[in-house]
Number of protein chains: 2
Amino acid sequence: MKNWIYSVNDENNENNIVISSRIRLARNIEGIAFPHRLDSKDGKSIVKDVEKAFYNTEYPNENFKTIYLWENDLIKNRVFFDKHLISYKLVSNMDKSAFIVNDDETISIMINEEDHLRIQAISAGLNLKETFDVANKFDDLLEEKVDYAFDEQLGYLTACPTNLGTGLRASVMLHLPILSMQNEMDKIFNTVSKIGMTIRGLYGEGSKVQGNLYQISNQITLGLEEEEILNNLLAVVKQIINQEYISREKVVNKYSYEFKDKIFRSLGLLRSAYLLQMEETLGLLSNVRLGVEMGIIKDVTFSTLNQLLVDISDASIQLEIDKELSSKELAYRRAEIVRNKLQMS
Amino acid sequence: MKNWIYSVNDENNENNIVISSRIRLARNIEGIAFPHRLDSKDGKSIVKDVEKAFYNTEYPNENFKTIYLWENDLIKNRVFFDKHLISYKLVSNMDKSAFIVNDDETISIMINEEDHLRIQAISAGLNLKETFDVANKFDDLLEEKVDYAFDEQLGYLTACPTNLGTGLRASVMLHLPILSMQNEMDKIFNTVSKIGMTIRGLYGEGSKVQGNLYQISNQITLGLEEEEILNNLLAVVKQIINQEYISREKVVNKYSYEFKDKIFRSLGLLRSAYLLQMEETLGLLSNVRLGVEMGIIKDVTFSTLNQLLVDISDASIQLEIDKELSSKELAYRRAEIVRNKLQMS
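Just so it is clear, the structure is predicted and the values come from calculations on it, not from any experiment.

Novice: I tried to follow the pairing of strand β5 (residues 117-124) of chain A on my own but got confused; where do I start?
Specialist: When a strand is regular, its side chains alternate between the sheet's two faces. Residues and elements named next belong to chain A. Extensive coverage of β5 is indicated by the burial of eight of its eight residues. Neither face of β5 is exposed, since L117, I119, A121 and S123 on one face and R118, Q120, I122 and A124 on the opposite face are all buried. One ladder, built from eight bridges, connects strand β1 (residues 18-27) with β5; its direction is antiparallel. Looking at β5, one finds that R24 is bridged to Q120. Taken together, the five bridges between strand β4 (residues 107-111) and β5 define a ladder with antiparallel strand orientation.

Novice: So what exactly am I meant to see when it comes to the domain arrangement of chain A here?
Specialist: All names here are of chain A. In terms of domain boundaries, chain A breaks down into domain 1 (18-224) and domain 2 (246-342). Computed from C-alpha coordinates alone, the two centres of domain 1 and domain 2 are separated by 28 Å. Each partner contributes to the interface: domain 1 provides 20 residues, whereas domain 2 provides 21 residues. Counting the surface lost from both domain 1 and domain 2, the interface buries some 1,700 Å², and carbon and sulfur atoms represent 69% of this. Applying the counting criterion to the domain 1 and domain 2 interface returns zero salt bridges. Applying the counting rule to domain 1 against domain 2 returns five residue pairs in polar contact (both at pLDDT 80 or more). Looking at the side of domain 1 that touches domain 2, the elements that each hand over two or more residues are α2 (74-82) and α5 (177-181).

Novice: Can you walk me through helix α12 (residues 327-342) of chain A in this structure?
Specialist: Count 3.6 residues to each turn of an α-helix, and residues three or four apart come out pointing the same way. Residues and elements named next belong to chain A. Between the first and last C-alpha of α12 there are 22 Å, a value that for 16 residues agrees with the 22 Å anticipated at 1.5 Å per step. Of the residues making up α12, those classed as buried are L330, A331, R334, A335, I337, V338, R339 and L342. If you follow the buried residues of α12, they end up packed against α8 (256-272), α9 (278-293), α10 (302-311) and α11 (314-320).

Novice: For this particular structure, what's the right way to read the nonpolar core?
Specialist: Nonpolar side chains tend to gather and get buried jointly when the protein is soluble and globular. Ranked by internal contacts, the top residues of the largest apolar core, which has 109 residues, are W4, I86 and F99 of chain A together with W4, I86 and F99 of chain B. V18, L128, L179 and L233 of chain A belong to the second largest nonpolar core, which has 53 residues in total.

Novice: So what exactly am I meant to see when it comes to the pairing of strand β8 (residues 168-175) of chain B here?
Specialist: Within β8 of chain B, eight of the eight residues are buried, which leaves the element mostly enclosed by the surrounding structure. What you see with β8 of chain B is no split at all: L168, A170, V172 and L174 of chain B on one side and R169, S171, M173 and H175 of chain B on the other are buried throughout.

Novice: What is the right way to look at the pattern of salt bridges in this model?
Specialist: When the charged atoms of two side chains lie near each other, side chains of opposite charge can form a pair. Counted according to the given criterion, the structure contains 38 salt bridges over all chains. With its nearest N and O atoms 3.1 Å apart, the salt bridge here joins E320 of chain A to R333 of chain A. With a gap of 13 residues between them, E320 of chain A in helix α11 and R333 of chain A in helix α12 connect regions that are remote in the sequence. For R265 of chain B, the salt bridge identified is with D261 of chain B, shortest N-O distance 3.0 Å. Placement of both R265 of chain B and D261 of chain B in helix α8 (residues 256-272) is noted, with a separation of four residues, approximately one turn of the helix. Each member of the pair, R265 of chain B together with D261 of chain B, is buried. One network of salt bridges, with partners in common, ties together E113, E114, D115 and R118 of chain A.

Novice: In this structure, what is going on with the packing of aromatic side chains? I would like to understand it.
Specialist: For any pair of aromatic rings, the description consists of the separation of the ring centres together with the inter-plane angle of the planes. A complete count under the given rule lists 24 aromatic pairs over all chains for this structure. Look at F54 of chain A and F138 of chain A: their rings are 6.3 Å apart centre to centre, the planes differ by 20 degrees, and that puts the pair in the stacked class. Highlighted residues: F54 of chain A in helix α1 (residues 40-55) and F138 of chain A in helix α4 (residues 128-145), separated in sequence by 84 residues. You'll find F54 of chain A and F138 of chain A in the same group, each marked buried. Taking 5.1 Å as the distance between ring centres and 70 degrees as the angle between the ring planes, the aromatic pair formed by F80 of chain B and F99 of chain B counts as edge-to-face. Highlighted residues: F80 of chain B in helix α2 (residues 74-82) and F99 of chain B in strand β3 (residues 98-102), separated in sequence by 19 residues. Neither residue differs from the other here; F80 of chain B and F99 of chain B are each classed as buried. Linked through ring pairs, F54, Y55, F64 and F138 of chain A together constitute an aromatic cluster. The residue whose ring lies beneath R248 of chain B is Y245 of chain B, and the NZ or CZ to ring-centre distance is 5.5 Å.

Novice: Looking at this structure, how should I read the sheet that holds strand β2 (residues 64-68) of chain B?
Specialist: Sheet strands line up and pair through hydrogen bonds in the backbone, either parallel or antiparallel. Residue and element names in this part refer to chain B. The eight strands lie next to each other as β2-β3-β4-β5-β1-β8-β10-β9, forming an open sheet whose pairing is antiparallel. The open sheet has two edge strands, β2 and β9 (197-200), and neither has a second partner. Taking each pair of neighbouring strands and ignoring which way they run, the sheet shows an average axis angle of 20 degrees.

Novice: For this particular structure, what's the right way to read the interface of chain A and chain B?
Specialist: Accessible area lost on assembly of the parts is the figure often given for the size of an interface. The partner chain B presents 17 residues to the 17 residues of chain A that form the contact. When the two sides are added together, the surface that chain A and chain B hide from each other amounts to roughly 1,900 Å², 63% of it contributed by carbon and sulfur. When residues of chain A are sorted by the area they lose upon contact with chain B, Y257, R265 and Y274 of chain A head the list and together hold 34% of the total. Our enumeration of links across chain A and chain B arrives at four salt bridges. Top contributing element to the side of chain A that touches chain B by residue count: α8 of chain A, with nine residues. Residues of the side of chain A that touches chain B, tallied by class, amount to nine nonpolar, two polar and six charged.

Novice: What exactly am I supposed to notice about the relation of the copies chain A and chain B here?
Specialist: What relates the two chain copies is a rotation about an axis together with a slide along it. In screw terms, the move from chain A to chain B is a rotation of 180 degrees and a rise of 0.0 Å along the axis, fitting with an RMSD of 0.0 Å. Taken together, these values place the two copies in the relation of a two-fold axis. Scanning chain A for the C-alpha nearest the rotation axis identifies G268 of chain A, at a separation of 2.4 Å. Most of the interface of chain A is mirrored in chain B: 100% of its interface residues are interface residues there too.

Each value, and the rule that gives it
Residues numbered from 1 in each chain as written. Chains lettered and ligands numbered in written order. Predicted model: local features only at pLDDT ≥ 70, side-chain atom pairs only at ≥ 80, totals over all residues. Heavy atoms only, no water. Buried < 20%, exposed > 50% of the residue type's maximum accessible area, 1.4 Å probe, protein only. Helix = DSSP H or I, 4+ residues; strand = E, 2+ residues; numbered from the N terminus. Pairing = 2+ DSSP bridges. Domains from an automatic or database assignment. Contact = heavy atoms within 4.5 Å. Buried area = accessible area lost by both parts, 1.4 Å probe. Salt bridge = Lys/Arg side-chain N within 4 Å of Asp/Glu carboxyl O. Polar contact = N/O pair within 3.5 Å; in protein donor to acceptor, adjacent residues only side chain to side chain. Expected span 1.5 Å × (residues − 1). Core = buried A, V, L, I, M, F, W, Y, C linked by side-chain atoms within 4.5 Å. Phe/Tyr/Trp six-rings, centres within 6.5 Å; stacked < 30°, edge-to-face > 60°. Lys NZ or Arg CZ within 6 Å of the ring centre and 35° of its normal. Axes fitted to C-alpha atoms, helices over the stretch in contact; angles between N-to-C directions. Nonpolar A, V, L, I, M, F, W, Y, C, P; charged D, E, K, R; others polar. Least-squares fit on C-alpha atoms with pLDDT ≥ 70 in both.

Now the structure itself:
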């Protein structure tokens, strides 16, 4: 299973449009109050219990460590969030939250998120089944040591009823620039809502769409088998990919000059600007990604583009610098990072 | 005297802001109707007479040829206009007009413009006096062979009374991006009008300002000695240059990041776009020129920028291609020319 940031397959194929696949399983420990009712001391004690259970299990060829969010400042924790390794909720619970992560940063077990446990697996490309199998394996291993809160009728019990049952949230991050441009996304949003799925922005729940990146995930966790959930999501994702491809072909045929112009101007701006705000950068990166996906831009890789998605965040920039940067200084440093990363080979 | 397009001094100095200096002397032949009253046959016969007079004179080390506008199509004649070698009026009289030009394209003697003769000298940079001396020399040489229409009281007689007297129009082309940006040009325009001067766009009378390029010239030709006219113009130009420099310094000090960003973005766009309309191109070239003038951009020369001013015109582009190009095809080819010329060294 490949890390979506650092070990992306740079071959150009149909699945390029998919940035990452992510599985998250919500679990709670029997007989203990949900995290929002725990104070810092009790929360930390849960962290210790989970760690004990986890590190006593045998994980073949995997090296894990625990990150205690309370030992870090907010900036550092925000960077984990920007990498999609942890959720915003985990960050906001940082006085009592932690996560266990492997060296590859494909598995992260969040402790004291909304639920006691959020077992997450994330990988590059359209890879839902393997990603689910990995998350599932860790769920099984933990279940041997931890007494999960489970109801025969309802399934896994969770802090919020939207996660009841399987506790499974499967999501896929997609790059849909042409459907966005053609204002098709509202229609797609309405359609997928009706079949129990939802579409969100780059940073999940409540985040706005930036850089034409959309996360599509199941909304319903109860009354369906895991396999059904995955299959339904996969079918929807494939259909959306298909729609995006058809639209791309039409646009390229009708506006070939304008298309090439827009894509290479975006690359030119990223390679030359000295001030870049986040939103503009994501928009320009989306155009460049489209150019790479379509084989028009040949000297930029998907790895570079995915790494940039993380490296250009305010938190990533701020993490490297000792003093607090103004908004303009952040924009200046962001532009520097982008120029260096996209330098002509 | 250096050609303003092909042999610009690329050293960076205070006069960079001046693209070219131009002198034009209006003269008519005694006893012959002004050009607008001549039909094609009579006009062509004047051309022959002037040629005969001109080529019988001794010009040390100069090689001249005559271009008969009626032998060319409009496109080809437009390119001479784009080079500022001839006026728009000469082009519109192309059924009977011609010009004699040296190899360096610094001297052009227009025949059957608004007046029978328009002796023009044009050179790179702020170089009014030398340019005047050259034009004056050719005027003197011609006067030995041609009977000029001259009135003891009024001076040289011209088709339009605005040229009466000295028949001298001296003009300087300036690059004033910051005064333009700060909307100072209207004020300057009002001031110079009061002292008998005028400001026009890149292509002279009636043309709009593009690329922040302004032509400042004397309006009054009567009642002043040539030297006074030149001195007055020089004084005004130097003052405007000074104002532009002061404004630049202020802007750079106050907005250094934004300034660098704007300049390098413009260069980046010119180096990467696949469709460029004329107006946008001139605006971007102005930003790049500003960067070169200020020593921020180091790998672009003034020669390149001046050549581009000519090469990107519709006529120059069309001249190279056998079929008539659509507006989009012109924009595509323009972008190609710009990318090639500004390629990174």
